[in-house]
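Structural overview for review
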Amino acid sequence: MTLRCTFRTAALLLVLLTHSLTHAFTAQAQAPKTWSSGEILLGLKKLNVLGSALYIAAHPDDENTRLIAYLANGRLVETGYLSATRGDGGQNLIGPELREGLGVIRTQELLAARRVDGGRQFFTRANDFGFSKTAQETFTIWDKEQVLSDMVWVIRQRRPDVLITRFPPDARAGHGHHTASAMLAIEAFDAAADPKRFPEQLQYVQPWQAKRLLWNTGSFFVKAGEDMSQYFQLDAGGFNPLLGRSYGEIAAESRTSHKSQGFGSSAQRGEAPEYFQLLKGAPAKTDLFDGVDLTWNRVPGGAAVGKLVDEVIKNYDAANPSASVAGLIAVKKGFSNLNNANSLFWLFEKQKQVDVLIQACLGIYVEAVAIAPTVAMGQEIEINWQVLSNSDLPITVSSVRPMGFATADISTDRQLTQGKMLSGKMRVTPLAGMGTSQPYWLSDLGTTGMYSLPKEYVLFQGGLKYNKLITNHFGVDGRRTGYSDYYAQADLSRKQMVFKEQKLVGHPESPPVVDLYIGLSIGDEYIEVFAPVQYKHTDPVRGEIYEPLTVVPPVMVNIGGQAFVFADNAPKTVPVTVRAGKAGVRGSVALTLPAGWQSEPASFPFDLAAKDGEQTVQFQVRPGAGAKEGKTELRAVATVEGQAYSRGYQVIAYDHIPTQTLFPEATAPLVKLDLKRKGQQIGYLMGAGDEVPEALRQIGYTVTLLKPEDLTENNLRRFDAVVLGIRAYNTVEQLKTRQPALLKYVENGGNVVVQYVVNRGTVLPQIGPYPLTLGRDRVTVEDAPVTLLNPTQPLLNTPNRITPQDFVGWEQEQGLYYPEKWDPRYQTVISSHDPGETPKESAILVTNYGKGHYIYTGLSFFRELPAGVPGAYRILTNMVSLGK
């Protein structure tokens, strides 16, 4: 197959090309892109640069957004950020989501950051299991070889000339994940070029040797006063006149995308030196890309194309971008003369760029909107589409086709008239086998350290009309000659186009449910434009809002609560909400319980006439005589027409990211424990957000959520204890003025429990009645042995006797942000430590103040209570019962 044939083929070929690492996994739920004249000119200049860089680190927020902005918009090279994890193990400053939910939020925050700074986002399968103190520990939990394989895969796909790490490959990195990411990058630099390493990848990609691997060092890692002249330097603080902003300004906006971590950033302007130390490969003497040809000369025969691009840039008219279309078409035709197989990567990259630039110069606006935000498998949904041209050039809409749904092609052959909208409607149906819109890395059950990817991901389904094109252009096995980074696997027997497991690696998110494909003819040239089908509505405050179209099961079940805790045999209400993914859903819902547990009734019928209708039923659950103490699990199951459904429906909605929908298993911890409590009324001041109030309600307390203005001496008197949520002293500004009332409450006999506070950015210099200095100490091994420092301490004995057994079965960590110094009037209670470290004794500090008690604790109740850890309930109960 010649490249001329490749680039001038029927529509589906480029649909398949673009449904690989690019368009298929484009950002979802965004307003259709429009371009300024400056952005178009920047794109034209980028068309003439053939270079690539890949930045590598461990987590969302680790990346150097200024350097990414500089490389992508200043040096105009293809720039990517490979994050080993999705940040699942961190804390959440904006809401209660943790683990998988937090990973989804941080994934979207990274994608938002890349939309600002111009980079592209990639991931490995590594799961952020929480803070790790050494790379050695990290590699006992991560599958090192699999993470390395994923890193090699992304390098072989993206073929970066320069690799850059954020961290050094040693303890200076400050986090085991950080160190591990640098160690893996060093190994991947060589492994990606070695055909003997991960040879299974070579059916899709070729080995690739980057020119150099550099560590992007800086003030975090060097000693005070260190001579920086030993490092290679560049200035990343320039100003981009086409964007009207400096790279520091772009970087600040990009970094501010990490809102769940509280990383709002101020813009920096002027000189901004970046420093680099060589780790592998050829040294850089005068330029980051020394020894790399960044021009079209790196492609055999490409000099002629470079001259064509030069002409387009030279003749560009900012007041009339469409005048550049003829030149861009000439560039596109020039690609057909380049048929060197080793150059296909750059040819396809630049082919995509040219098509986008033609769309931008013509002012083509394409939108595809579904009439509802969700659709169930097998159900029809209506799509409204619009195409607008802002150019006076003659353009014909030749074809409109939704990729991923069953429907007939719409061949319009209608002319676009400048400034007049062309629109239409179609009814489409998602086909069985596509599954729900669950993020692909959450589809299968993983491990603590690794996500498990599905063996295949159905990209779209079709009929015989697709099979002919697939066979013609991909061969009977779905493979295509040439650079195979750009195809999905065709399964003609099932009439599907799927991604095999390997092809999913690296993708930041699942593809849109359906892309609308628009074929445009401009003279004798044909270009493809893609628009993800989305749901759009208008909010009276925020204005026009786009949400992803979501494929849902016919029925979903949500359990109302995080954990159900039984201190006696009295029944508890377990609410279960059944939600219809389509109209006319009838069936029954029941609870699956472990042996010895009872539910009344055994099941409930439901009949939901309307799509999105809900019915909440309430089961009475109690432990029977055979119920064992400890933690087990209950599950809600809906049965419709003999088919069981046990997935829930979780919507994650924040203003700064597209709405995300998850379908978690409808399970909840079921806990039977020996628990006594004192007191009844608890006031709770929320900090960054957690589920601790509901946990306290589960064990019988009456919890009142407080606002800052409620913290008055008179109002607080009615509470047996007041609990401050995680990071309250980081996030509740009014504590500056309300602290005296809180301490007066303690002095008068009250009991205050303060959960962990980050040691930077506190609203008060002193958060307790006596001095204590917050630190960064933590115990990351969740089952680290615990020593009771003073077994007679009331906190360990009343009303429940606490033993080291209460610290068994904890999840992810024991605690974090332990104080590093404290006044001797604080009493320490327990001691534990990670392997090889000194004992940490400030997980709980308690002091008498006046007639009352003040407790600071770094124990991770915000994780352990929703997870149903029995000991966490007993310890917190003793804290809020102290003095009663």
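These numbers were taken from a predicted model, which means no experiment stands behind them.

The rules behind each value
- Residues numbered from 1 in each chain as written.
- Predicted model: local features only at pLDDT ≥ 70, side-chain atom pairs only at ≥ 80, totals over all residues.
- Heavy atoms only, no water.
- Helix = DSSP H or I, 4+ residues; strand = E, 2+ residues; numbered from the N terminus.
- Rg over C-alpha atoms; globule rule 2.2 N^0.38 Å.
- Buried < 20%, exposed > 50% of the residue type's maximum accessible area, 1.4 Å probe, protein only.
- Areas by Shrake-Rupley, 256 points an atom, 1.4 Å probe, with all protein chains shown as cover.
- Lys, Arg positive; Asp, Glu negative; His and termini not counted.
- Charge placed at Lys NZ, Arg CZ, Asp CG, Glu CD.
- Core = buried A, V, L, I, M, F, W, Y, C linked by side-chain atoms within 4.5 Å.
- Contact = heavy atoms within 4.5 Å.
- Pairing = 2+ DSSP bridges.
- Axes fitted to C-alpha atoms, helices over the stretch in contact; angles between N-to-C directions.
- Salt bridge = Lys/Arg side-chain N within 4 Å of Asp/Glu carboxyl O.
- Phe/Tyr/Trp six-rings, centres within 6.5 Å; stacked < 30°, edge-to-face > 60°.
- Lys NZ or Arg CZ within 6 Å of the ring centre and 35° of its normal.
- Parallel < 35°, antiparallel > 145°, perpendicular 65-115°, else oblique.
- Left-handed = near helix turned anticlockwise from the far one by under 90°.
- Nonpolar A, V, L, I, M, F, W, Y, C, P; charged D, E, K, R; others polar.

So, on to the overall build of the protein. Within the protein one finds 20 helices and 47 strands. Whereas a compact globule of 884 residues would reach a radius of gyration of roughly 29 Å, the protein reaches 29 Å, a difference of no more than 12%. With respect to the principal axes defined by its C-alpha atoms, the protein has extents near 85 × 75 × 55 Å. For the protein, with 884 residues in total, the buried portion stands at 59%. Taken as a whole, the protein presents about 32900 Å² of accessible surface, with 50% of it coming from carbon and sulfur. Charged side chains of the protein number 88 positive and 88 negative; the gap between the two group centres comes to 1 Å.

Within the largest apolar cluster, 57 residues are counted, with the highest numbers of intra-cluster contacts made by Trp296, Leu328, Ile358, Ile518 and Leu520. Broken down by element, this core gets its largest block of residues, 11 residues, from helix α12 (residues 344–362). Look past the residues within four positions of Ile358 in its chain and what remains in contact with it is Val325, Leu328, Ile329, Ile522 and Ile527. In terms of nonpolar packing, the next biggest core, distinct from the first, is built from 45 residues, Ala126, Ala191, Ala210 and Tyr654 among them.

A cis amide bond links Glu600 with the next residue in sequence, Pro601, at an omega value of -10°. Residue placement: Pro601 occurs in the loop between β29 (597–600) and β30 (603–608). Cis geometry marks the peptide bond from Thr798 to Pro799; its omega dihedral reads -5°. With respect to the helices, strands and loops of the structure, Pro799 is situated in the loop between β42 (787–788) and β43 (815–822). Non-glycine residue Asp612 carries a positive phi angle of around 70°. Relative to the assigned elements, Asp612 resides in the loop between β30 and β31 (614–623). Unusually for a residue other than glycine, Gln812 sits at a positive phi of about 70°. Looking at where Gln812 falls in the secondary structure, it is placed in the loop between β42 and β43.

Bringing the sheet that holds strand β15 (residues 414–416) into the picture now. A sheet is described by the order of its strands in space; here 4 strands give the open sequence β15-β13-β20-β21, paired in antiparallel fashion. Two strands in the sheet have a free side with no partner beyond their single neighbour: β15 and β21 (525–532). Sheet twist, expressed as the average angle between the axes of neighbouring strands with direction ignored, equals 35°. Pairing geometry for strand β13 (residues 395–403) and strand β20 (residues 515–522), over 7 bridges, is antiparallel.

Ordered in space as β38-β37-β39-β40-β47-β46-β44, the 7 strands form an open sheet in which the pairing is mixed. Where the open sheet ends on each side, the last strands, each with one partner, are β38 (702–706) and β44 (827–828). Where β44 and strand β46 (residues 844–849) come together, 2 bridges link them in antiparallel fashion. Bridging from a neighbouring strand, Thr828 pairs with Leu845 of β46. Across the sheet, helix α18 (residues 735–747) is in contact with β37 (681–685), β39 (721–724), β40 (751–754), β46 and β47 (852–857); its angle to β39 comes to roughly 145°.

Pairing between side chains of opposite charge can happen when the charged atoms of each approach one another. Counted by the stated rule, this structure contains 44 salt bridges. The residue Lys280 makes a salt bridge to Asp190 at a minimum N-O spacing of 2.7 Å. On the criterion of sequence distance, the pair formed by Lys280 in strand β9 (residues 273–281) and Asp190 in helix α8 (residues 176–191) is long-range, its members being 90 residues apart. Judged by its relative accessible area of 27%, Lys280 falls in the partly exposed class. For Glu349, the salt bridge is made with Lys352, and the minimal N-O distance between the two is 3.0 Å. With Glu349 and Lys352 both in helix α12 and 3 residues apart, the pair spans about one turn of that helix. Pair check on accessibility: Glu349 and Lys352 agree, each one buried. Overlapping salt bridges bring together Arg120, Arg158, Glu349 and Lys352 as one network.

Moving on to the packing of aromatic side chains. Applying the stated criterion across every chain, the model contains 18 aromatic pairs. Taking the centre distance of 5.5 Å and the plane angle of 25° together, the rings of Phe807 and Trp810 count as stacked. Accessibility classification places Phe807 together with Trp810 in one group, the buried group. Stacked on the ring of Phe139, the Lys or Arg Lys144 has its end atom at 5.0 Å from the ring centre.

Looking now at the pairing of β29. Burial of the side chains of β29 is restricted to one face: Trp597 and Ser599 are buried, whereas none of Gln598 and Glu600 on the reverse face is. With 4 bridges joining them, β29 and β31 adopt antiparallel strand pairing. Counted as the bridge partner of Glu600 is Gln620 from β31.

At a closest axis distance of 9 Å, the pairing of helix α7 (residues 144–158) and α8 adopts a crossing angle of 55°. Taken together, the axis directions place α7 and α8 in an arrangement best described as oblique. The interaxial crossing formed by α7 with α8 has right-handed handedness. Packed against α7, whose contacting residues are Lys144, Val147, Leu148, Met151, Val152, Ile155 and Arg156, the element α8 presents Ser181, Leu184, Ala185, Glu187, Ala188 and Ala191 at the interface. For the contact of α7 with α8, the residue count by class is 9 nonpolar, 1 polar and 3 charged.

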